[in-house]
Amino acid sequence: MHTNYLIGETSPYLLQHAHNPVNWYPWGDEALDRAQREKRPILLSIGYSACHWCHVMEHESFENEEIAALMNEHFVNIKVDREERPDLDEIYMNAVQMLTGRGGWPMTLFLTPEGKPFFGGTYFPPEDRYGVQGFPSILTAVAQVYREKPDQVATTVDKLVDGLNRLGAVTESDSILSSNTVRGAAEQLADAYDHENGGLGRAPKFPNVGVLALFLRVYWRTGEGRYLDMITHTLKRMADGGIYDHLGGGFHRYSVDEKWMVPHFEKMIYDNAQLTRIYADLYRVTGEPRFKQVVEDNIEYLLREMVHPEGGFYSTQDADSEGDEGKYYVWDRAEVMSLLGEETGDIFGRFYDVSDVGNFEGKNILHPILTLDQAARYFKKEPAEIDAVINRSKAMLLEKRETRGKPFRDEKILASWNGLMLSAMGAALKISDQPALRKTAERTVEFLFTKMVQGDLILHTYKDGKGKIPGFLDDYCFVSAGLLDLYEVTLETSFYEKARWLADRMIADFWDDQHGGFFTTGTAHDRLISRSKPAFDGSVPSGNAVACQVLLKLYHYTGEEHYLHRGERILRLYYDAMEQHPFGLTEMIAALDLYLEGSKEIVIVGERQDPAVHDMLTGLRSLYLPDVTLQCAESGVDLLQSAPWLRGKSQIDGKPTAYVCQNFTCSAPVTDWEGLKKLLEK
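One structure accompanies this document, and this report is about it. It should be emphasised that the depicted structure is a prediction, and the values quoted were computed from it without experimental measurement. (Residues numbered from 1 in each chain as written. Predicted model: local features only at pLDDT ≥ 70, side-chain atom pairs only at ≥ 80, totals over all residues. Heavy atoms only, no water.)

**Brief notes about the state of the cysteines**
Move 1: What the rule picks out here adds up to two disulfides.
Move 2: What pairs with Cys51 in a disulfide is Cys54, and their sulfur atoms sit 2.3 Å apart. Its S-S torsion of about 80° marks the bond between Cys51 and Cys54 as right-handed, since a negative value means left-handed. By the burial criterion, Cys51 is buried, and Cys54 matches it.
Move 3: The disulfide that involves Cys661 links it to Cys666, with 2.0 Å between the sulfurs. Taking the sign of the S-S torsion, 100° for the link of Cys661 and Cys666, the bridge is right-handed.
Move 4: Since its relative accessible area comes to 2%, Cys661 is described here as buried.
Move 5: Cys477 forms no disulfide, and the closest cysteine sulfur to it belongs to Cys548, at a distance of 11 Å.
Move 6: Overall, the relative accessible area of 0% leaves Cys477 in the buried class.
Move 7: Counting only cysteine sulfurs, Cys661 is the nearest neighbor of Cys632, a cysteine outside any disulfide, at a range of 15 Å. (Disulfide = S-S within 2.5 Å. Buried < 20%, exposed > 50% of the residue type's maximum accessible area, 1.4 Å probe, protein only.)

Okay, structure coming up:
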């Protein structure tokens, strides 16, 4: 069997291409040196393992001997896993968007031997079709242009590289930072709200968790009910849609229709981390049991399917199984009736929209179209009886589904996405104190710091017993933020200390002293054609936004103003963009809100095992408080005493005592949960 240079890689996506007839290289000196030595252009293909159209292009083109021969004849071919190399993905995705006005994966770029782009696109079909030029024609034409029109190539390269450099050349705003920007952003985003189906805009529908989190934050600040209505409506519709896996838990990547009905079936750890957190936050505001159930089902799915035996979470599950997208998740009515029997099958089928005709390519995506009360009236039974039938049926179908060929699971562990999972577990622990979840959170932290920290570096990826690639900005800031979120719920001091260590390393290696802000790459990374500063949210939050939130929180914990000054510089860099493009900057707007409003700094003086302290901590976890720093100062324990607002705090009459400070002012002390709750509700 033919093999290429990808055979020695650990990335499942690269290994999937290791037996293509294309002479693929991984990104690195060997490929780049060959391109420069032979003065040969580079064909760069970027994708990821759960990407459906990446698999399609591989089958149609990269497994095709004739197309592979063209690629090998004219180009040095480099294959990149975007999840392993977000730095390359960001630079070259920006280039594709400049060239074509759109982006996506698979991404196909043509570069000079120095790595500078001059032509590109996304998916190319194997032959001319529907007015789109086929990949072989593209290959031939690009090779000819590169060979015969070097001046034209050089002009395009100069324009693109100049454009890439200008993307990162942001100057600080001289406007006064105002809370009106936060409110104005929420109003602009509300104008795009789909009042019928929830979410923003038309199909395809993505969760857009950052937008929903901003709505919840603005509701909490202002009491404007329409923002709570929008997030509640959206999360209910998502939880009732086909985008949600009603048997096994977990959300699919996005919905191809505007009703959340037909998903793109891949499951990503970063989506499920962010959605777990927002559902937990909304439950703490509304108390609606459905939202808590989604959190618990999501956590059950993640612990069952996505955890490495030693700790840490895997990356993704594929959309395809046995060659078909969604095959693992959809059902024939006959199969359902055979498993459940006629009466139970009829109840389940009507509840979950299972029919002979189907709702997806002749099959059925499960999604509830009745409430328990509606089903009870229809079948003349009690709601509790219907609920029991539904739960038994789901368990039986899940057991049957487990016998099917499972979607491929990408088992590389990314530090950044595990940071998002730390935040998700922190949020889930506030509403559902599960020992298994607490243990998994602790093991994940241990895994990250024993397997993925080497010296002063956190590594980006771990697979097959090996960590590699120096961590990027997202790795440092997401893990630091996750540790602070976990610290807030567990008060485990080592989580705080690790979070601060990572933040300090992030400043040392990624901060731009000249212009402010953090680069994607640090001092340990190779120099590329451009050094970007991520500001806009994508499928994960912006690195600079999360880094800014971490710095501001650490300022509130420590009182050290260098954290505050750097956070403020980031906000000034992107303040004008926040006003002009709020959709892509919701996490930065959340950081702005934290900066302007300040954190609620809560100190409880007392022993944690004291029932009164326990009541206070339990009560705190039940409240949605978007920006909090929490300390429990036990007698004889020197707990982060560098924070100026901790000094002078003592017990009243020997009782556990709580203080709430904000914007340099502290409340009068209180000695019970009811008193503390009143302070927090002001």
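**Overview of unusual backbone geometry**
Move 1: In the segment running from Trp105 into Pro106, the intervening peptide bond is cis, with an omega of 5°.
Move 2: In this chain, Ala203 is followed by Pro204 through a cis amide linkage whose omega measures -5°.
Move 3: As for its position among the elements, Pro204 is in the loop between α8 (179–191) and α9 (209–222).
Move 4: Its identity is not glycine, yet Asp464 carries a phi of approximately 55°, on the positive side.
Move 5: Here the phi dihedral of Ile469 falls at roughly 70°; this positive angle occurs in a residue that is not glycine.
Move 6: Take Ile469: its relative accessible area is 18%, and that puts it in the buried class. (Helix = DSSP H or I, 4+ residues; strand = E, 2+ residues; numbered from the N terminus.)

**Here we look at helix α18 (residues 435–451)**
In an α-helix, one turn spans 3.6 residues; hence positions three or four apart end up facing the same way.
Move 1: Its 17 residues give α18 an end-to-end C-alpha distance of 24 Å, which sits within 8% of 24 Å, the value for a rise of 1.5 Å per residue.
Move 2: Among the residues making up α18, those that are buried are Leu437, Thr440, Ala441, Thr444, Val445, Phe447, Leu448 and Phe449. (Expected span 1.5 Å × (residues − 1).)

**Details of the environment of Leu594**
Move 1: Along the chain, the position of Leu594 falls in helix α23 (residues 586–597).
Move 2: Residues in contact with Leu594, not counting those within four places in the same chain, are Arg217, Gln549, Leu552, Lys553, Ser599 and Asp627. (Contact = heavy atoms within 4.5 Å.)

**A look at the pattern of salt bridges**
Move 1: This model, assessed by the stated rule, comprises 46 salt bridges.
Move 2: With a shortest N-O distance of 3.4 Å, Glu9 and Lys468 are connected by a salt bridge. Of the two residues, Glu9 sits in the segment before α1 (12–16) while Lys468 sits in strand β16 (residues 466–470), which places them 459 residues apart along the sequence.
Move 3: Between Arg34 and Glu38 there is a salt bridge whose closest N-O contact spans 3.2 Å. With Arg34 and Glu38 both in helix α2 (residues 29–38) and four residues apart, the pair spans about one turn of that helix.
Move 4: For Arg34, a relative accessible area of 14% translates into the label buried. (Salt bridge = Lys/Arg side-chain N within 4 Å of Asp/Glu carboxyl O.)

**So, the sheet that holds strand β1 (residues 24–25)**
Move 1: Pairing is mixed across the open sheet formed by five strands, whose spatial order is β1-β3-β2-β4-β5. Looking at the sheet topology across the chains shown, the edges are occupied by β1 and β5 (117–121).
Move 2: Bridging between β1 and strand β3 (residues 76–81) involves two bridges; their strand directions are parallel. Within the sheet, the bridge partner assigned to Tyr25 lies in β3 and is Ile78. (Pairing = 2+ DSSP bridges.)

**Focus on a negative patch on the surface**
Move 1: Together, Asp29, Glu30, Asp33 and Asp526 make up a negatively charged patch on the protein surface.
Move 2: Its location among the elements puts Asp33 in helix α2. (Patch = residues over 30% accessible without salt bridge, like charges linked within 9 Å, V, L, I, M, F, W, Y side chains within 5 Å. Areas by Shrake-Rupley, 256 points an atom, 1.4 Å probe, with all protein chains shown as cover. Lys, Arg positive; Asp, Glu negative; His and termini not counted. Charge placed at Lys NZ, Arg CZ, Asp CG, Glu CD.)

**With respect to the packing of helix α15 (residues 372–379) against helix α16 (residues 383–401)**
Move 1: Packing of α15 against α16 leaves a shortest axis separation of 8 Å and a crossing angle of 105°. The pairing of α15 with α16 is recorded here as roughly perpendicular in orientation. The segment α15 lies against α16, with Leu372, Asp373, Ala375, Ala376 and Phe379 engaging Pro383, Ile386 and Asp387.
Move 2: Split into classes, the residues belonging to the contact of α15 with α16 amount to six nonpolar, no polar and two charged. (Axes fitted to C-alpha atoms, helices over the stretch in contact; angles between N-to-C directions. Parallel < 35°, antiparallel > 145°, perpendicular 65-115°, else oblique. Nonpolar A, V, L, I, M, F, W, Y, C, P; charged D, E, K, R; others polar.)

**A look at the packing of helix α20 (residues 493–510) against helix α21 (residues 543–558)**
Move 1: Axis separation between α20 and α21 bottoms out at 11 Å; the angle between their running directions is 125°. Considered as vectors, α20 and α21 are oriented oblique to each other. The handedness of the crossing between α20 and α21 comes out as left-handed. Between α20 and α21, the contacting residues are Tyr496, Arg500, Ala503, Met506 and Ile507 on the first element and Ala547, Val550, Leu551, Leu554, Tyr557 and Thr558 on the second. (Left-handed = near helix turned anticlockwise from the far one by under 90°.)

**A closer look at the side chain of Thr108**
Move 1: Residue placement: Thr108 occurs in strand β4 (residues 107–111).
Move 2: The exposure class of Thr108 is buried, given its relative accessible area of 1%.
Move 3: Looking at Thr108, its side chain comes within polar contact range of the main-chain oxygen of Thr122, at 3.0 Å.
Move 4: In this structure Thr108 touches Leu43, Leu44, Met57, Phe119, Gly120, Gly121, Thr122, Phe124 and Phe135, once residues within four positions along its chain are discounted. (Polar contact = N/O pair within 3.5 Å; in protein donor to acceptor, adjacent residues only side chain to side chain.)

**Some remarks on the pairing of β16**
Move 1: Strand direction decides the pairing type here: strand β15 (residues 457–463) and β16, joined by four bridges, are antiparallel. By the bridge assignment, Leu459 is partnered in β16 with Pro470.
Move 2: The loop that links β15 with its antiparallel partner β16 comprises two residues; one of these, Asp464, has a positive phi angle of about 55°.

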